[in-house]
Amino acid sequence: MQVPIEISYLIASVLFIFGIKQLASPKTARKGNLTAATGMFIAIVATLFDKHVLTFEWIIIGVIIGALAGSIMALKVPMTGMPQMVGLLNGFGGAASMLVALSEYYKIQNVYKIDFTTYHTVTISLSVLIGAVTFTGSLIAFGKLQGIITGKVVKYPGQHPFNLFLLLLVIAEAVYFSLNPTNEWLILSMVSISLVLGVLLVLPIGGADMPVAISLLNSYSGLAGSATGFVLQNNGLIIAGALVGASGIILTNIMCKGMNRSLMNVVLGGWESAGSSGPTVQTIKGNVKAVEAEELAMLFDSAENIIVVPGYGMAVAQAQHAVRDLFNILESKGKNIRFAIHPVAGRMPGHMNVLLAEAQVPYDKLYAMEDINDDFPNIDIAFVIGANDVVNPAARHDKNSPIYGMPILNVDYAKTVVINKRSLNVGYAGIENELFFYPNALMYFGDAKESVNKLVHELKEL
Amino acid sequence: MEGFTLLMLIYVFVLAMLVGFELITKVPPTLHTPLMSGSNAISGVTIIGALISAGLEQFTISTILGLLAVIFATINVVGGFLVTDRMLKMFKKK
């Protein structure tokens, strides 16, 4: 044990904890991020004084490549691409943990030249399994969010038994590896199977379930770090990994509650009809009232209280700046305009908030579902932009609906609810939305960005 | 490896998890995306293990694995903190 280095890891851990604590308020959050980064800097510098660190050329090369790639990614990514970015970073964290554990395996043999204990083999196996699953799982999540891989639910016969088989195979190999630790083919085979497992576990998850998948992978990336901390017997790593693991678990839980589904249901590919976003046969009878920009502008002009409900459609159309213009003009007309954000709106936790913050909508106008849902009966206009399943009243009363029990935003309680959508097509859950046929509902058809811009234009004309 | 050391490490892990749960439940939904990217950067602390592997005196397979780990972990750390800062900069009140 090298005491000064251990002390700096302790300081780093404390700074991580304070950093996350400061993240609890938008006022101090930026400082919190800096606090955590300072902790990281201290940990890295201290490590360079470790007595095992004797050559620096590889370190310098690695850090330069990593820092360049990381900076470019961080500065170039558009805010709409944030879910992919976070997905990719999760994966890299997992990959790093896996590689460190693997490297430690060879070090024990070639460098330290000591005998393997069961502790070594168990922790290395665990670290490799979680790290590898996080790595390829995140790459698949990235591919789905980026549109490289289908965002639909992928199902094939024997899918779940096969995944279970692979997991059991890795565990069996880990046991065998504990008995034959010098057989490197065992660990390499464990790595390979775990990499495949990561792909197969995330592949079936559909696009709108991505908030859960990303949160879960976030948690895995932390746990992989912790497992590597056990391998290296490093408390700093264990603590940092545990904090991230806990964060991911909480977010996963919030996302699952937001959809009223169990984690198992999401992970196993969930809703039967999910992801079939094509037009389906219309089963709900009734009339849909469409509205044009000019008429809508007059409606907004006479309203007092307005709530905007953004959904993934706003992100796809990159309509956040148009929405900001709408916010500004309505506010300048003295309207009380706020935003209601469903926990699973978008593709990752907090996705809508980041987009609206980018467009400079003040964050104190963004309300979480539970803080604003009771206000809808007093609202003149609820304006739904690119959201569908999260405002479907069937979730409240239709026991046969696949989304029954899911908490929804009560937009139908508003005096008028205006829904901006490109068509009457079904949402992610693959079901029709009876809201569109309600007497107080008006459909405002069109691309979110164009439609909102047109509305803003009409409001200026008034 | 003595059982006692293992127990101490588990202690640290369990307590850190509990601290994590306490802290993160207080983070408002509006900051969930930066929380993820920020915590992601923190999990890049694996870099300390990667540095030790890449900086070994003799060049072995561990060095190559260490180098790769340094690259991945640095992307995670630098990219994670930078992108989080970029996001948090945008959160403004009226």
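Throughout what follows, the structure given in this document is the object of discussion. (Residues numbered from 1 in each chain as written. Chains lettered and ligands numbered in written order. Predicted model: local features only at pLDDT ≥ 70, side-chain atom pairs only at ≥ 80, totals over all residues.)

### What to know about the overall build of chain A
Put simply, the test is: Each helix corresponds to a stretch of at least 4 residues labelled H or I by DSSP, and each strand to a stretch of at least 2 residues labelled E; elements are numbered beginning at the N terminus. Here the globule rule is a power law, 2.2 Å times the number of residues to the power 0.38, and the radius of gyration is based on C-alpha atoms. Burial is judged by counting other C-beta atoms within 10 Å of a residue's own C-beta: 20 or more means buried, 12 or fewer means exposed, and anything between counts as partly exposed, with every C-beta placed from the backbone.
A count of helical and extended segments in chain A gives 17 helices and six strands. Its C-alpha atoms give chain A a radius of gyration of 25 Å, within 12% of the compact-globule value 23 Å for 462 residues. C-alpha atoms of chain A, sized along the principal axes, occupy 80 × 50 × 35 Å. Counting every position in chain A, which comprises 462 residues, the buried fraction comes to 53%.

### Observations regarding unusual backbone geometry
Residue and element names in this part refer to chain A. The residue Gln233 is not glycine, and still its phi comes out positive at about 50 degrees. Inspection of the secondary structure assignment puts Gln233 in the loop between helix H8 (210–232) and helix H9 (235–259). Phi at Asn260 takes a positive value of approximately 50 degrees, unusual for a residue other than glycine. Here Asn260 is to be found in the loop between H9 and helix H10 (263–267).

### Regarding the nonpolar core
So the rule is basically this: Core membership is restricted to buried Ala, Val, Leu, Ile, Met, Phe, Trp, Tyr and Cys residues, and these are joined into a nonpolar core through C-beta atoms within 7 Å. Here the limits of each domain have been adopted from an automatic or database domain assignment. Note that contacts rest on C-beta atoms placed from the backbone: two residues are in contact if these are within 7 Å.
Counting residues in each nonpolar core, the largest one holds 193 residues, and the members touching the most others are Leu243(A), Val309(A), Ala382(A), Val384(A), Ile385(A) and Val70(B). Top contributing element to this core by residue count: helix H4 (residues 61–90) of chain B, with 16 residues. Looking at which domains feed residues into this core, each of domain 1 (77–267) and domain 2 (293–461) of chain A supplies at least three. With sequence-adjacent residues up to four places away left out, Val384(A) is seen in contact with Val309(A), Val391(A), Val411(A), Val417(A), Val418(A), Ile419(A) and Asn420(A).

### Considering helix H7 (residues 184–202) of chain A
All names here are of chain A. Here is the rule we go by: By this rule, a helix spans an expected 1.5 Å times one less than how many residues it contains. An arc is given here, and it is the one of the directions from the helix axis to the C-beta atoms.
With 19 residues, H7 extends 28 Å from end C-alpha to end C-alpha; this agrees with the ideal 27 Å at 1.5 Å per step. Burial in H7 covers these residues: Ile187, Met190, Val191, Ser194, Leu197, Gly198, Leu201 and Val202. Projection of H7 onto a plane perpendicular to its axis shows the buried side chains occupying an angular sector of 130 degrees, all on one side. Opposite the buried face of H7, at more than 90 degrees from it, the exposed residues are Trp185 and Ser192. Buried positions along H7 lie against helix H4 (82–110), helix H5 (118–146), helix H6 (159–179) and H8.

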